[in-house]
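Chain residues, written in single-letter form:
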Amino acid sequence: MADTITFGKVTAVPIAPVRGKGYWASVITRLVHDPVAMAALAVILTIVLAAIFAPYLGLADPYRGSILRRLRPIGFTGYPFGSDELGRDMLTRLIYGGRLSLVMGVTPVLLAFFVGSTTGIVAAYIGGWVNMVVMRVIDVFFAFPSVLLAIALSGALGAGIVNSIVSLTIVFIPQIARIAEAVTTQTRNRDFVEAARISGAGTLTIIRVHVLGNVLGPIFVYATSLISVSMILSSGLSFLGLGVKPPDPEWGLMLNTLRTAIYSQPLVAALPGAMIFMTSISFNLFSDGLRTAMEVRQ
Amino acid sequence: MLLYAVKRLLYVLPVALGVSIVCFLLVHLAPGDPLTSILPIDATAQQQQEMRIAYGFDKPLPLQYGIWLWKVLHGDLGRSIATGRPVAIEVANAVGNSLILASIATLIGFGFGTFFGFVAGYFRNSLLDRLASVISILGVSVPNYWLGMVMVIVFSALLGWLPSTGAGPNGSAHWRPDLEHLRFILLPALTMSAIPMGIISRTVRALVADILDQDFVQALRAKGMREGAVFRHVVRNAAPTALAVMGLQLGYLLGGSILIETVFAWPGTGFLLNTAIFQRDLPLLQGTILVLAFFFVALNLIVDVLQSALDPRIQRG
């Protein structure tokens, strides 16, 4: 009301600014009003922050076990989530385990996002036979189910944190590149790109201003949906013994070593997997919310 | 129809060739010499050279690939380093068990998935729809190796109803369709069906919702057709895509069964891969992955052609 200017009897209401809220501001507004996405984000942030600040939380030593206190049940004095097969505190290891699990799950998607979107965008922009060759190579990688490809690569490279990240990055690059290629091809055929070219804009300017602005959103949303898969796969590799090596805490590896306790302490044995599940479902729900908020189809 | 099948086949051949190149290179991706795992540490340079010649590793890579591909095309996948038996026989023994497990899991997933999908698509935004979408999100987010452990905890450790590992009584390595063996396949198959169930219910929900919104459905209802008959039309329109998704899921399950097979000690290809990886048996690893990937490529082709036979509008260019 303070903005209303009164001229005698005529009331002139100022017209709202033409640009209104920016695209990103409206995305954030929509996201904030999505209770499911916000709950998922809260879970993710809690796990991430706990993992980062684990040394300051007054937890036990994640590596020090006690032969006398092996496999204590949930709620045992001093062990709120029990203890594992070597007598190490489960709560501590679950929180510390988030460090490696998150890094190994998120890094491949980040790396693949950079490499894959660059490959896809450049290939689609150049077009012609270059695009065809790149897409045929990508088709070859799509001929492998992703779990099989991940296991084939890390099986051949050998166990280890870096090898596991490298394998998963290779698994995700073709998937992201294919999406990037598809949206870039759509965009480069739109009239405004043609208009920019006719008015003399250079290739790099067109890619930077007109193409990137329109394709990065959908590619980003797709990449976030891969984090959930990546978390499950990277912990799966550790579960098979192809990722993290003992005694480092990592959810997949913890789940594997606790398999021996399935009959004696079933609830404790299932805990690390519950962490993977919780993280993966939260990333999935948040990615779904982001997709809706950004109005990205498919 | 036939023309389309031929066209797809011509398109798949270069992909299959690419797959064989990737599988061939897997052995050379391994750090160090491919022979380090079988040679004794104190082998002399001359012995190493002899081995290299015996395995053909002294020839240039493209020539090695040519020789390897020629053998593969004749059904020779090399010999397993660990057992010394032909890889082709090892894989053939295991692939049957994996195929049975993956097929049963796909059928279970398809059954529940289409049911939830139809209910959700018909009663959009209802409580049932929400429930179905929660189930499908759970299905695609759950780490299935953990779900397997939970199943073992509940049905074997706590209730004692079903066996937790193996394909049959007394460590039987071959699954047979009888009641005793059925008890062994139930847990791994149910576990494995979680992902296809989630994906199929999501797909079917979207399909049904889309079909119900089309004009022809309104026309059918307007001319007084009973709801049961309208339902038949919806099913007919949703079937090609739903069946295609199911076919592809079978391929994904077969290729990704290693984690579940490890949890349940199922004597399939996943178990074989596990052995190959930890004994650094590269020919076995290479052969198993090649067979699984070729199977996936062939399945894709079959699904594609069948789908276009069911619904000629769907043809990929």
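What counts and what doesn't
- Residues numbered from 1 in each chain as written.
- Chains lettered and ligands numbered in written order.
- Predicted model: local features only at pLDDT ≥ 70, side-chain atom pairs only at ≥ 80, totals over all residues.
- Heavy atoms only, no water.
- Helix = DSSP H or I, 4+ residues; strand = E, 2+ residues; numbered from the N terminus.
- Buried < 20%, exposed > 50% of the residue type's maximum accessible area, 1.4 Å probe, protein only.
- Rg over C-alpha atoms; globule rule 2.2 N^0.38 Å.
- Contact = heavy atoms within 4.5 Å.
- Areas by Shrake-Rupley, 256 points an atom, 1.4 Å probe, with all protein chains shown as cover.
- Patch = residues over 30% accessible without salt bridge, like charges linked within 9 Å, V, L, I, M, F, W, Y side chains within 5 Å.
- Salt bridge = Lys/Arg side-chain N within 4 Å of Asp/Glu carboxyl O.
- Phe/Tyr/Trp six-rings, centres within 6.5 Å; stacked < 30°, edge-to-face > 60°.
- Polar contact = N/O pair within 3.5 Å; in protein donor to acceptor, adjacent residues only side chain to side chain.
- Nonpolar A, V, L, I, M, F, W, Y, C, P; charged D, E, K, R; others polar.
- pLDDT = per-residue confidence, 0-100.
- Expected span 1.5 Å × (residues − 1).
- Bend = angle between axes of the 7 residues up to and from the residue.
- Core = buried A, V, L, I, M, F, W, Y, C linked by side-chain atoms within 4.5 Å.
- Axes fitted to C-alpha atoms, helices over the stretch in contact; angles between N-to-C directions.
- Parallel < 35°, antiparallel > 145°, perpendicular 65-115°, else oblique.
- Left-handed = near helix turned anticlockwise from the far one by under 90°.

1. Details of the overall build of chain B
Part 1 of the reasoning: For chain B, the count of helices and strands is 13 helices and zero strands.
Part 2 of the reasoning: Going from N to C terminus, chain B has its helices and strands arranged as α-α-α-α-α-α-α-α-α-α-α-α-α.
Part 3 of the reasoning: Seen through its C-alpha atoms, chain B measures out along the principal axes to roughly 85 × 55 × 30 Å.
Part 4 of the reasoning: For chain B, the residues scored as buried account for 48% of the 317 residues in total.

2. A word on the overall build of chain A
Part 1 of the reasoning: Broken down by element type, chain A carries 10 helices and two strands.
Part 2 of the reasoning: Written out in order from the N terminus, the α and β elements of chain A read β-β-α-α-α-α-α-α-α-α-α-α.
Part 3 of the reasoning: Over its C-alpha trace chain A gives a radius of gyration of 25 Å, far above what one expects of a compact globule, namely 19 Å for 298 residues.
Part 4 of the reasoning: Based on the C-alpha atoms only, the size of chain A along its principal axes is roughly 85 × 65 × 25 Å.
Part 5 of the reasoning: Here chain A holds 298 residues, and 48% of them are scored as buried.
Part 6 of the reasoning: Nonlocal contacts in chain A, meaning residues at least 24 apart in sequence, comprise 71% of its contacts between residues at least 6 apart.
Part 7 of the reasoning: Total accessible area on chain A is roughly 14500 Å²; 68% of this is exposed by carbon and sulfur atoms.

3. Here's the deal with a nonpolar patch on the surface
Residue and element names in this part refer to chain A.
Part 1 of the reasoning: Together, Leu-45, Leu-49, Ile-52, Phe-53, Tyr-56 and Leu-57 make up a nonpolar patch on the protein surface, roughly 640 Å² of accessible area in all.
Part 2 of the reasoning: Within the secondary structure, Phe-53 sits in the loop between α2 (35-52) and α3 (90-126).
Part 3 of the reasoning: Given a relative accessible area of 41%, Phe-53 falls into the partly exposed group.

4. A closer look at the packing of aromatic side chains
Part 1 of the reasoning: Throughout the structure, instances matching the rule amount to 13 aromatic pairs over all chains.
Part 2 of the reasoning: Summarising the aromatic geometry, the rings of Phe-277 of chain A and Trp-146 of chain B are spaced 5.4 Å apart at their centres and angled 40° between planes, so their arrangement reads as tilted. Of this pair, Phe-277 of chain A sits in helix α10 (residues 266-293) while Trp-146 of chain B sits in helix α6 (residues 144-158), each in a different chain.
Part 3 of the reasoning: Residue classification places Trp-146 of chain B among the buried positions, given a relative accessible area of 12%.
Part 4 of the reasoning: Seen from their ring centres, Phe-112 of chain B and Phe-116 of chain B are 6.4 Å apart, and the 25° between their planes marks the pair as stacked. Taken together, the residues span about one helical turn, with Phe-112 of chain B and Phe-116 of chain B both in helix α4 (residues 87-122) at a distance of four residues.
Part 5 of the reasoning: One aromatic cluster is present, built from ring pairs that chain together Phe-113, Phe-114 and Phe-220 of chain A.

5. Topic: the pattern of salt bridges
Opposite charge on two side chains makes pairing possible when the charged atoms of those side chains draw close.
Residue and element names in this part refer to chain B.
Part 1 of the reasoning: On inspection of all chains with the given rule, the structure shows nine salt bridges over all chains.
Part 2 of the reasoning: One salt bridge in this structure joins Arg-8 and Asp-304, with 2.7 Å as the shortest N-O distance. In this pair, Arg-8 sits in helix α1 (residues 2-29) while Asp-304 sits in helix α13 (residues 282-310), placing the two residues 296 residues apart along the sequence. The same class applies to Arg-8 and to Asp-304, which are both buried.

6. So, the interface of chain B and chain A
Part 1 of the reasoning: The interface is formed by 45 residues belonging to chain B together with 39 residues belonging to chain A.
Part 2 of the reasoning: The interface formed by chain B and chain A contains nine residue pairs in polar contact (both at pLDDT 80 or more).
Part 3 of the reasoning: Contributing elements (two or more residues each) for the side of chain B that touches chain A: α1, α5 (127-141), α6, α10 (227-255), α11 (258-264), α12 (269-278) and α13 of chain B.
Part 4 of the reasoning: Of the residues belonging to the side of chain B that touches chain A, the class tally is 34 nonpolar, nine polar and two charged.

7. Here's the deal with the confidence of the model for chain A
Part 1 of the reasoning: Across chain A, pLDDT averages 85, with 92% of residues at or above 70.
Part 2 of the reasoning: Ranking the elements of chain A by mean pLDDT puts strand β1 (residues 5-7) of chain A last with 44 and α2 of chain A first with 93.

8. Observations regarding α10 of chain B
Part 1 of the reasoning: The terminal C-alpha atoms of α10 of chain B lie 41 Å apart, and with 29 residues this matches the ideal 42 Å at 1.5 Å per residue to within 8%.
Part 2 of the reasoning: The principal kink in α10 of chain B, of about 45°, is found at Ala-239 of chain B, preceding the proline Pro-240 of chain B by one to four residues.

9. Thoughts on the nonpolar core
Part 1 of the reasoning: Counting residues in hydrophobic clusters, the biggest one holds 129 residues, and the most contacted among them are Phe-144 of chain A together with Val-19 and Ile-289 of chain B.
Part 2 of the reasoning: Per-element accounting of this core gives the leading share, 14 residues, to helix α8 (residues 203-239) of chain A.
Part 3 of the reasoning: Excluding residues within four positions of it along the chain, Val-19 of chain B makes contact with Val-140, Ala-143 and Phe-144 of chain A together with Ala-293, Phe-294 and Val-297 of chain B.
Part 4 of the reasoning: Grouped together as the second largest cluster of nonpolar side chains are 16 residues, Ile-200, Val-204, Val-208 and Met-246 of chain B included.

10. Considerations on the environment of Gly-273 of chain A
Part 1 of the reasoning: By the element assignment, Gly-273 of chain A lies in helix α10.
Part 2 of the reasoning: Sequence separation of Gly-273 of chain A and Leu-94 of chain A is 179 residues, and the distance between their C-alpha atoms is 10.0 Å.

11. What about the packing of helix α1 (residues 23-32) of chain A against α10 of chain A?
To characterise two packed helices, one gives the angle between the axes of the helices and the distance between these axes.
Residue and element names in this part refer to chain A.
Part 1 of the reasoning: At their nearest, the axes of α1 and α10 sit 9 Å apart, and the two run at 135° to each other. With respect to α10, the element α1 is oriented oblique. Here α1 runs over α10; the crossing is right-handed. Seen from α1, the contacting residues are Val-27, Arg-30 and Leu-31; seen from α10, they are Phe-286, Gly-289, Leu-290 and Ala-293.
Part 2 of the reasoning: Taken together, the residues that form the contact of α1 with α10 break down as five nonpolar, one polar and one charged.

12. Remarks on the side chain of Ser-287 of chain A
Residues and elements named next belong to chain A.
Part 1 of the reasoning: Inspection of the secondary structure assignment puts Ser-287 in helix α10.
Part 2 of the reasoning: Ser-287 gets classed as buried once you look at its relative accessible area, which sits at 1%.
Part 3 of the reasoning: Side chain to side chain, Ser-287 and Thr-224 meet in a polar contact 3.4 Å long.

13. What about the side chain of Ser-230 of chain A?
Part 1 of the reasoning: Along the chain, Ser-230 of chain A falls in helix α8.
Part 2 of the reasoning: If sequence neighbours within four positions are ignored, Ser-230 of chain A has contacts with Met-104, Gly-105, Pro-108, Val-109, Leu-168 and Phe-172 of chain A.

14. Digging into the environment of Ser-98 of chain B
Residue and element names in this part refer to chain B.
Part 1 of the reasoning: Note on placement: Ser-98 falls in helix α4.
Part 2 of the reasoning: Judged by its relative accessible area of 1%, Ser-98 is buried.
Part 3 of the reasoning: On a C-alpha basis, the gap between Ser-98 and Val-119 in space is 31 Å, while along the polypeptide they are 21 residues apart.
Part 4 of the reasoning: Separated by 2.7 Å, the side chains of Ser-98 and Glu-261 make a polar contact.

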